[in-house]
Amino acid sequence: MGMIWSFIHKLGSPKWFYGISARLMPWFWVAAVALILVGSAWGLAFAPADYQQGNSFRIIYVHVPAAFLAQSIFVSMAVAGLVYMVWKIKVADMAAAMMAPLGAAMTFVSLFSGAVWGVPTWGTWWMWDARLTSMLILLFLYLGVIALRGAFTSRDSASRAASVLAMVGVINIPIIKYSVDWWYTLHQPATFTITGRAAMPMEMWAPLLIMVLGFYSFFIALTLMRTRSEILRRESNKRWVRDLAGETR
Amino acid sequence: MAFDSFNEFIAMGGHAPYVWSAWGVTGALLVAVVLHARAERRLLLRNLQRRVRRENRQGANQGEMAGVSHQMGGDRHDT
Amino acid sequence: MAGSETQLTSGDGRSVSRREPGGGLAVALWATLRRDLLLLMRRRSEVLNPLVFFALVITLFPIGISPDPQLLATIAPGLLWVAALLAALLSLDSLFRGDYDDGSLEQLLLTPQPLPMLALAKVTVHWLLTGLPLALMAPVLGIMLSLPAGSYLVLAFSLALGTASLSLIGAIGAALTVGLSRGGVLISLLVLPLYIPVLIFGAGAVQAAVVGDGAAAHLAILGALLALSLMLAPWAIAASLRISING
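Everything numeric here is computed off the predicted structure, so don't read it as measured data. All residue numbers refer to position in the chain's written sequence, counted from 1. Chains and ligands are labelled by the order in which they are written, letters from A for the one and numbers from 1 for the other. Totals for whole chains, interfaces and linings use every residue, but because this is a predicted model, local features are given only for residues with pLDDT of at least 70 and side-chain atom pairs only at 80 or more, for both listing and counting. To get the side-chain values, all heavy atoms of the structure are used, and hydrogens and water are removed first.

What should I look at first to understand the layout of surface pockets in this one?
If you roll a probe as big as a water molecule over the atoms, it shows you where there is empty space left. Here the largest pocket is characterised by a volume of approximately 760 Å³. In terms of lining residues, the largest pocket is bounded by 27 residues, among which A:Trp183, C:Val82, C:Ile196, C:Leu199 and C:Ile200 are the most central. Those elements giving two or more residues to the lining of the largest pocket turn out to be helix 5 (130–151) and helix 6 (155–187) of chain A together with helix 5 (69–90) and helix 10 (183–211) of chain C. Ranked by residues supplied to the lining of the largest pocket, first place goes to helix 10 of chain C with 9 residues. Side-chain classes are defined by residue name, with Ala, Val, Leu, Ile, Met, Phe, Trp, Tyr, Cys and Pro counting as nonpolar, Asp, Glu, Lys and Arg as charged, and the others, Gly among them, as polar. Classifying every residue of the lining of the largest pocket by side-chain character gives 21 nonpolar, 6 polar and no charged. Space inside and on the surface of the protein is sampled on a 1 Å grid over the protein atoms alone, with a cavity defined as a set of points where a 1.4 Å probe fits but cannot get out and a pocket as an open set with protein on both sides within 12 Å along at least 5 of 7 lines; lining residues have an atom within 4 Å of a point. Grid points are joined across faces, edges and corners, and a volume is the space filled by probe spheres set on the points. Each helix corresponds to a stretch of at least 4 residues labelled H or I by DSSP, and each strand to a stretch of at least 2 residues labelled E; elements are numbered beginning at the N terminus.

Mind showing me how you'd approach the interface of chain A and chain B here?
Each partner contributes to the interface: chain A provides 45 residues, whereas chain B provides 32 residues. Note on definitions: salt bridges are taken to be side-chain nitrogens of Lys or Arg within 4 Å of carboxyl oxygens of Asp or Glu. On inspection of chain A and its partner chain B, the count reaches 3 salt bridges. Note that B:Glu40 and A:Arg226 form a salt bridge whose closest N and O atoms lie 3.0 Å from each other. Listing elements by their share of the side of chain A that touches chain B, those giving two or more residues are helix 2 (14–46), helix 3 (60–87), helix 4 (90–122), helix 7 (202–234) and helix 8 (239–247) of chain A. Considering every element that reaches the side of chain A that touches chain B, the biggest residue donor is helix 4 of chain A, with 11 residues. Considered class by class, the residues forming the side of chain A that touches chain B number 29 nonpolar, 10 polar and 6 charged. Note on definitions: a residue-residue contact is assigned when non-hydrogen atoms from the two residues lie within 4.5 Å.

I tried to follow empty space enclosed by the protein on my own but got confused; where do I start?
All chains considered together, the criterion is met by 5 cavities of 30 Å³ or more. The volume enclosed by the largest cavity comes to roughly 220 Å³. Looking at the lining of the largest cavity, the elements with two or more residues in it are helix 3 (24–42), helix 4 (44–64), helix 6 (94–101) and helix 8 (115–144) of chain C. No other element matches the 5 residues that helix 8 of chain C contributes to the lining of the largest cavity. When grouped by side-chain class, the residues that make up the lining of the largest cavity number 6 nonpolar, 5 polar and 5 charged. For the domain bounds, the source is a domain assignment made automatically or taken from a database. No fewer than three residues from each of domain 1 (1–42) and domain 2 (44–246) of chain C sit in the lining of the largest cavity. Roughly 90 Å³ of internal volume is contained in the second largest cavity. Contributing elements (two or more residues each) for the lining of the second largest cavity: helix 5 and helix 6 of chain A. Top element by residues in the lining of the second largest cavity is helix 5 of chain A. It accounts for 5 residues. Here the residues of the lining of the second largest cavity sort into 6 nonpolar, 2 polar and 1 charged.

That's the geometry; what it means functionally is another story.
Here's what the structure looks like:
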């Protein structure tokens, strides 16, 4: 028990996080760049075209990783919020604050690529497709968390309010998702969903898997980097941050 | 290789506008996010350094001032 | 225990709770309920405004779309539900605002009673004076939109069930923004995305009743959503109130 507490305490110390993240970050950047480059080349040039959708199918390699990441980032944000609320670990809140804009950006990317994909598939830019609708709602959830954090003048209140809202949101996401799926099947039963097919051949799903892993690495690397910046911003009065500024001159 | 030539690759079987705009926006966004993070970090470090330097200078000045006043006090004591 | 309680409820509920921790909660809940009901009954416009808003929005649709009864009948379930949802949203900002401004919310936080329960009492009052009247009024507006016969009872019942969830979820948003000077617009951004499941099953229930399928499944899901919000929302409301008050 004592060991666990000291570990949690250590993990919570911005100084310790600043050091360990500096060592971890390069690996995630390398992985992100390598995986995204390989996945892009494979997905764009080498994967076979879809027999129904032709080459427009290649949008899947950006649409699905972005959608995965958009959902995962919200969950990570809520977990970070919980950690912050329970153990008062400031770094968790800093990371949550830095994740939100990236999550919103990923949601936007998945919406945009979905809309563009809709043109050759459905003949229209927007369809109230279950996946797109859930993504749109997720975007609003992100904007709500970002707006709430920005609305408070006290940083501590802002952090705790954003944490609560992220947790409320994460409980609601599956409910929203299932109700939207249910609503969609009720109203448009026979429409073709863009990504709703099983049994993709290996040449198609392998690059997708690589892209998904690449996007996740990118998320981790960027969050580490921006959390380090946030530490500098919030802890600028601490002795060790001053010393750091002296060293990196 | 799913394409026979580079031109075919660019044309994407007639779906070029869709494929390239979706990929282009995604790529541009990823790059923009990284550039923003880098600019943010540089700005923060620069501000921090400027502040530390300024405060060091102020600290030094205050030290000198203290020395001067001490001397003056000493003078006054002398006279 | 009950004897000493009844003696003192006419006085201050909190002093009773300090002397009698066992029976204190019920007394505190009853006091909160009665106080809030009384306060809202005094400010009658606050109760009436959402109802007038509901009627007004429903009036806008035939004017904006078409007075054709057939067209209106097809969109009536969704319209009634969306308008009722917006009316309920409109009343949220005042849920904790008055108590925050005069400091009684701070007193509520200081009581030895569990804050989630007290928050639940406040939300109950809010539902009694907004959700329930909206549900009772909806059939009248349904007539004006030529809602097919046979779905009126389901409309009222689904709204009564659904607005209870809406009040609970909305109270989280109200509690989070009560300390902010310009929380009015923010609250809709926070709360509306969370309202979507209730809207889907509420409007779905009325739609199902119109078509002639049973609405029982929808109403059951609305009930499940209410049970879930009843279990979780009071804690979130309490945590949010603490954040807003303690700064």
